[in-house]
Amino acid sequence: MDFDSLDDLYENALMMANGESLEYRDLTVEKADWMHPEHTEYRVLNEDGETVESLTVSAYDSVDDLQSNLDEIADYDPADLEDWTSRGESL
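What you see is a predicted model, and the numbers here were worked out from it, not measured in a lab.

Conventions used here
Residues numbered from 1 in each chain as written. Predicted model: local features only at pLDDT ≥ 70, side-chain atom pairs only at ≥ 80, totals over all residues. Heavy atoms only, no water. Helix = DSSP H or I, 4+ residues; strand = E, 2+ residues; numbered from the N terminus. Rg over C-alpha atoms; globule rule 2.2 N^0.38 Å. Contact = heavy atoms within 4.5 Å. Salt bridge = Lys/Arg side-chain N within 4 Å of Asp/Glu carboxyl O. Buried < 20%, exposed > 50% of the residue type's maximum accessible area, 1.4 Å probe, protein only. Lys, Arg positive; Asp, Glu negative; His and termini not counted. Polar contact = N/O pair within 3.5 Å; in protein donor to acceptor, adjacent residues only side chain to side chain.

(A) Examining the overall build of the protein more closely. Scanning the protein from N- to C-terminus turns up three helices and four strands. Mapped in sequence order, the helices and strands of the protein form the string α-β-β-β-β-α-α. The C-alpha atoms of the protein give 13 Å as radius of gyration, which agrees with the globular expectation for 91 residues (12 Å, within 12%). Principal axes of the C-alpha set define a box for the protein whose edges measure 40 × 25 × 25 Å. The contacts in the protein between residues at least 6 apart in sequence include a share of 34% that link residues at least 24 apart.

Here it is as structure tokens:
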């Protein structure tokens, strides 16, 4: 079962199985296999299937905070994790 909305992901993050996902804008938010089951670790993938971020959904205070972070990622449109984590660094 995949998520229907960000609200669904946020409310059910702990109960979902690894691999369940949500398409949001041009991103895929997918529950990751994580060694600490008390955390809700999700991979954020771009259109090319490259991991661009890793999020702990339960760390967000609200679904609006989660959505704001995902919007920032989607607006930047990183090519990969290095691109996303090095954004704003001057050469």
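(B) A look at the pattern of salt bridges. Per the counting criterion, the structure on display carries three salt bridges. Among the ionic pairs, Arg-25 bridges to Asp-75, the shortest N-O distance being 2.5 Å. Within this pair, whereas Arg-25 is found in the loop between strand E1 (21-24) and strand E2 (27-31), its partner Asp-75 is found in helix H2 (residues 63-76), the two being separated by 50 residues in sequence. Overall, Arg-25 belongs to the partly exposed group, its relative accessible area being 45%.

(C) Fine view of the side chain of Glu-53. Looking at where Glu-53 falls in the secondary structure, it is placed in strand E4 (residues 51-56). Buried and unpaired, Glu-53 has Arg-87 as its nearest opposite-charge partner, separated by 5.7 Å. A polar side-chain atom of Glu-53 sits 2.9 Å from a polar atom in the side chain of Trp-84. Apart from the residues lying within four places of it in its own chain, the contact partners of Glu-53 are Tyr-42, Arg-43, Val-44, Ile-73, Leu-81 and Trp-84.

Note that all results are geometric; they support no functional claim without further evidence.
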